[in-house]
Amino acid sequence: MKAVSILALVLGSVPAALFAQDTVRNALPRVVLSEDGKGFQLEDTEQPFYVWGVNYDHDRDGRLIEDYWQDEWPTVEEDFAEMKSLGLNVVRIHLQLAKFMTSASEPNQQNLQKLADLVNLAERTKLYLNVTGLGCYHKQDVPAWYDELSEADRWQVQANFWQAVAATCKDSPAIFCYDLMNEPVLGGGKEPKQWLVGPPLGDKYFVQRLTTDMAGRDNKEVAAAWVKKLTDAIREVDSHTLITVGVIPWAHVWPNAKPVFYSPEASAPLSFVSVHFYPESGKLDKAVEALKIYDIGKPLVIEEFFPLKCSLEEADTFLIEVRPITAGLTSFYWGTTPKEYRQQKSIQGAILADWLDYFQQHAPAKPTR
């Protein structure tokens, strides 16, 4: 289907409820780039905005949001209230492509309506959304037709997904950004059309290939073409919302590795940098130096962070040291409060409770207007 056709299909069916929030929206300023382009601020003000958020990527039972938002909407509302009480300002949600595209060109209107409901909830709660797309986290949810597509056709479906999502979200100031894909990587794989990178984390595949055949191209060439394809698709619908892509910081693995998606060749259409960092105990200096490589003159957000491999004290030391070069931090929330974690009377529950307490205590000052 031609781009104009998918646009007409989506724009003609944007849920009316999304446009009934004028009073709420007027009270919620958009987040935009600061004047120097190195941070964020609230639109029409000089007030800086530091991202202090969480990944709301699954619930306490490991279910993705699309698995329960139709039948258990009160749970989503309760979780947003809890996240607000923790002093957060951004919630990163993860959307699976298969839940929003019923075919290569036809969006899933039922889930677009639920996304509109979520946007309205974010407006009422005064939480901004980082909308991360194209997920194939549950392998069993990925349709065979999608995996059988050529690279070009697969990218076109991804562009159709983003036009449908952007058409639904574009008028809301609660949309902080669109994150094109969680942790994309380039070619590889021993089997043809092996798009997902394993082994899975639990039952989820968080890493996805952009191509299975480099066809003589280098990494930056493929990354630049893909970023342009998807950002162009979004900009046909939404000219203002910030765009990023959350990446694995390979410089944290190999000290000499250079950014690909945040190289000069690929990064121009992206509004800010998003990297995922899990510092290791006793190696904080290495993590700090790796992060500095992504300080390219655009806002730098640590889009995933958790003291998974270090102590709470070391995490605090790391965050203090990198605060001058970062524009935000995003950790995790899975629908369980610190109090509920402590009631579990387990070591894991205590660790998670202590971290959420820390996160709440260190939240930046609440924006005013």
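Refer to the preceding data block for the structure.
Within every chain, residues take consecutive numbers counted from 1 along the sequence as written. Local features in a predicted model are, by the rule used here, given only for residues with pLDDT of at least 70; side-chain atom pairs are given and counted only at 80 or more, and totals for whole chains, interfaces and linings are based on all residues. In computing side-chain values, all of the structure's heavy atoms are included and hydrogens and water are not.

S.K.: Help me get a handle on the sheet that holds strand S8 (residues 184-185), residues and values and all.
M.R.: In any sheet, the strands associate via hydrogen bonds between backbone groups, in a parallel or an antiparallel arrangement. Pairing is mixed across the open sheet formed by three strands, whose spatial order is S8-S10-S9. Only two strands of the sheet have a single neighbouring strand rather than two, namely S8 and strand S9 (196-197). Note that S8 and strand S10 (residues 207-209) share two bridges and pair parallel. Of the residues in S10, the one forming a bridge with valine 185 is arginine 209. Any two strands with at least two DSSP bridges between them are considered paired. Runs of H or I in DSSP of at least four residues are treated as helices and runs of E of at least two as strands, each being numbered from the N terminus.

S.K.: Break down the packing of helix H11 (residues 284-292) against helix H12 (residues 312-322) for me, with residues and values.
M.R.: Remark: H11 packs on H12, axes separated minimally by 10 Å, with the N-to-C direction vectors making an angle of 30 degrees. Crossing handedness for the pair H11 and H12: right-handed. Between H11 and H12, the contacting residues are Leu284, Ala287, Val288 and Leu291 on the first element and Glu314, Thr317, Phe318, Glu321 and Val322 on the second. Axis definition: a line fit to C-alpha positions, over the contact stretch in the case of helices; interaxial angles, taken between N-to-C directions, run 0 to 180 degrees. Rotating anticlockwise by less than a right angle from the far helix to the near helix defines a left-handed crossing, while the corresponding clockwise rotation defines a right-handed one. Two residues form a contact once any of their heavy atoms are found within 4.5 Å.

S.K.: Please give an account of the environment of glutamate 280 that cites residues and values.
M.R.: Following the sequence through the fold, glutamate 280 ends up in the loop between strand S12 (273-277) and H11. For every residue, the accessible area (1.4 Å probe, protein chains only) is compared with the maximum for its type, and the residue is labelled buried under 20%, exposed over 50%, or partly exposed between those bounds. For glutamate 280, a relative accessible area of 28% corresponds to the partly exposed category. Taking the C-alpha atoms as reference, glutamate 280 lies 34 Å from leucine 230; in sequence the two are 50 residues apart. Contact partners of glutamate 280, with chain neighbours within four places excluded, come to Lys309 and Cys310.

S.K.: A description of the packing of helix H4 (residues 73-85) against helix H6 (residues 109-125) should follow, citing residues and the corresponding values.
M.R.: Helix packing for two helices is described by the angle between their axes and how far apart those axes are. Two elements in contact, H4 and H6, have axes separated by 11 Å at closest approach and are oriented at 30 degrees. The angle between H4 and H6 falls in the class roughly parallel. In the crossing of H4 with H6, the sense of the turn from one axis to the other is right-handed. Between H4 and H6, the residues in contact are Trp73, Val76, Glu77, Phe80 and Lys84 and Lys114, Asp117, Leu118, Leu121, Ala122, Arg124 and Thr125, respectively. Following the grouping adopted for this structure description, the nonpolar residues are Ala, Val, Leu, Ile, Met, Phe, Trp, Tyr, Cys and Pro, the charged ones are Asp, Glu, Lys and Arg, and the polar ones are all others, Gly among them. Taken together, the residues of the contact of H4 with H6 break down into six nonpolar, one polar and five charged. Oblique is the label for any angle not covered by the other classes, which are roughly parallel (under 35 degrees), roughly antiparallel (over 145) and roughly perpendicular (65 to 115).

S.K.: Which residues make up the layout of surface pockets, and what values go with them?
M.R.: By volume, the largest pocket amounts to about 1,400 Å³. For the largest pocket, the lining is made up of 43 residues, of which Leu201, Phe206, Tyr278, Glu304 and Leu308 are closest to its centre. For the lining of the largest pocket, the secondary structure elements donating two or more residues are strand S5 (90-96), helix H10 (250-253), S12 and helix H14 (347-361). Class assignment of the residues belonging to the lining of the largest pocket gives a composition of 21 nonpolar, twelve polar and ten charged. Any residue with an atom within 4 Å of a point lines the site, the site being either a cavity, points on a 1 Å grid over the protein atoms alone where a 1.4 Å probe fits but cannot get out, or a pocket, an open set with protein on both sides within 12 Å along at least 5 of 7 lines. Grid points are joined across faces, edges and corners, and a volume is the space filled by probe spheres set on the points.

S.K.: Would you mind going over the pairing of S5 in detail, with residue names and values included?
M.R.: For S5, a buried count of seven out of seven residues is recorded, marking the element as mostly surrounded by other parts of the structure. Because side chains alternate across S5, one face comprises the buried residues Val90, Arg92, His94 and Gln96, and the other comprises Val91, Ile93 and Leu95, equally buried. Bridge count for S5 against strand S6 (residues 128-135) is six bridges, and the pairing is parallel. Within S6, the residue paired with valine 90 across the bridge is tyrosine 128.

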